Amino acid sequence: MKKIVIYHLIAWFLVTLMGTHSALYALAFDKEKLMALDPLCTERIAHQARDFQNKRFWGNLGLGLALLGVIWNNSGGLSDDAKLGNLTQGLTLITTGAILYYTSGDPVVQNDTLQQLDLTGVEKEEVAYSILKYNAARSKVVRINSGMILMATGLGYALLTSLATKASQSYKDVQYISAAVFFTQGLLAYLYPGQNEKDMDKIDDEVGAPSN
């Protein structure tokens, strides 16, 4: 049984480190400094799991309210096509909500896995640090890629709108506004790090590890 736990730990640790090159920096500082963090890395992971659960609850609440709106709109004198459309949209909201509700998500899985490992003290904090490092690096990649896609979408909207010479000016104005919104969202996402990244930089500063 002890060997199984050790193999599980080794596999989890290697997968986490290989997920990003930045996680390799976890080997470049005194691990004892992890015990001086407040909160500890393990506590931060537990917080991320609780935060994910809360967001999942409110997200499903929003989908539930949207579903009520669909049902309400479906109660009028609509055509059969419109009623079918509303009902299928309602079914989509139900299935989407069910998927979101029953999907644990990475933060929850990571926290559960960490708690199941037979680790304590510095060893447990080291694994927790690697998980946080991986999450921050992945968040950065997703943020930058999403930012570039949103900016490209905004530029695409603007270009297509300018080429649509037969569209009304009022409609083109709306499209230009949409283009500006997409581009601005992308630029902000591209330039400004997320909370996970900021927190990780602070952790690295406190323990003396190189930041990303």
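Look above for the structure.
Small disclaimer: the values here were computed from a predicted structure and weren't measured.

Caption draft 1: Geometry of the nonpolar core. Counting 18 residues, the largest nonpolar core has L34, C41 and Y129 as the members making the most contacts within it. A per-element tally of this core places helix α5 (residues 121-163) first, with six residues.

Caption draft 2: View of the side chain of K172. Structurally, the position occupied by K172 is in helix α6 (residues 169-191). Summary of buried charges: K172 has no salt-bridge partner, and the nearest side chain of opposite charge, D173, is 7.8 Å away. Residue contacts for K172: discarding those within four places in its chain leaves T161, S162, A164 and A167.

Caption draft 3: Structural detail: the layout of surface pockets. A volume near 570 Å³ is recorded for the largest pocket. Along the walls of the largest pocket sit 25 residues, with Q48, D51, P107, S139 and N196 positioned nearest its centre. Elements supplying a minimum of two residues to the lining of the largest pocket: α2 (41-73), α4 (105-116), α5 and α7 (195-207). Per-class residue counts for the lining of the largest pocket are eight nonpolar, eight polar and nine charged.

Caption draft 4: The arrangement of the packing of α4 against α5 in detail. At their nearest, the axes of α4 and α5 sit 11 Å apart, and the two run at 165 degrees to each other. Judged by the inter-axis angle, α4 sits roughly antiparallel to α5. The handedness of the crossing between α4 and α5 is right-handed. Every residue of α5 that contacts α4 at D106, Q110, L114 and Q115 is listed here: K124, V127, A128, I131, Y134, N135 and R138.

Caption draft 5: Structural detail: the packing of α5 against α7. One way to put it is that α5 packs onto α7 with a least axis distance of 8 Å and a crossing angle of 140 degrees. Classed by the angle they form, the pair α5 and α7 counts as oblique. In this structure, α5 crosses over α7, and the sense of that crossing is left-handed. On the side of α5, the interface is formed by Y129, L132, K133, A136, S139, K140 and R143, while α7 contributes N196, E197, M200, I203 and D204.

Caption draft 6: Geometry of a nonpolar patch on the surface. Residues M148, L155, F183, L187, L188, Y190, L191 and Y192 make up a contiguous nonpolar surface patch of roughly 760 Å² in combined accessible area. Elements with a minimum of two residues in the nonpolar patch: α5 and α6. Here the nonpolar patch gets five residues from one element, more than from any other, and that element is α6. Checked against the element boundaries, Y190 lands in helix α6.

Caption draft 7: Spotlight on α7. Taking 1.5 Å per residue as the helical rise, α7 with its 13 residues ought to reach 18 Å, and the 18 Å between its terminal C-alpha atoms agrees with that figure. Among all positions of α7, only E197, M200, I203, D204 and V207 are buried. Mapping the buried residues of α7 onto a view down its axis gives an arc of 120 degrees, with all of them on the same face. Of the exposed residues in α7, the ones pointing more than 90 degrees away from its buried face are K202 and D205. The positive-phi residue at the C-terminal boundary of α7 is G208, with phi of around 80 degrees.

Caption draft 8: Inspection of unusual backbone geometry at higher detail. With an omega of 0 degrees, the peptide bond running from D38 to P39 counts as cis. Structurally, the position occupied by P39 is in the loop between α1 (2-18) and α2.

Conventions we followed
Residues numbered from 1 in each chain as written. Predicted model: local features only at pLDDT ≥ 70, side-chain atom pairs only at ≥ 80, totals over all residues. Heavy atoms only, no water. Core = buried A, V, L, I, M, F, W, Y, C linked by side-chain atoms within 4.5 Å. Buried < 20%, exposed > 50% of the residue type's maximum accessible area, 1.4 Å probe, protein only. Helix = DSSP H or I, 4+ residues; strand = E, 2+ residues; numbered from the N terminus. Lys, Arg positive; Asp, Glu negative; His and termini not counted. Salt bridge = Lys/Arg side-chain N within 4 Å of Asp/Glu carboxyl O. Contact = heavy atoms within 4.5 Å. 1 Å grid on protein atoms, 1.4 Å probe; cavity = no way out; pocket = protein on both sides within 12 Å on 5 of 7 lines; lining within 4 Å. Points joined across faces, edges and corners; volume = space filled by probe spheres on them. Nonpolar A, V, L, I, M, F, W, Y, C, P; charged D, E, K, R; others polar. Axes fitted to C-alpha atoms, helices over the stretch in contact; angles between N-to-C directions. Parallel < 35°, antiparallel > 145°, perpendicular 65-115°, else oblique. Left-handed = near helix turned anticlockwise from the far one by under 90°. Patch = residues over 30% accessible without salt bridge, like charges linked within 9 Å, V, L, I, M, F, W, Y side chains within 5 Å. Areas by Shrake-Rupley, 256 points an atom, 1.4 Å probe, with all protein chains shown as cover. Expected span 1.5 Å × (residues − 1). Arc of directions from axis to C-beta.

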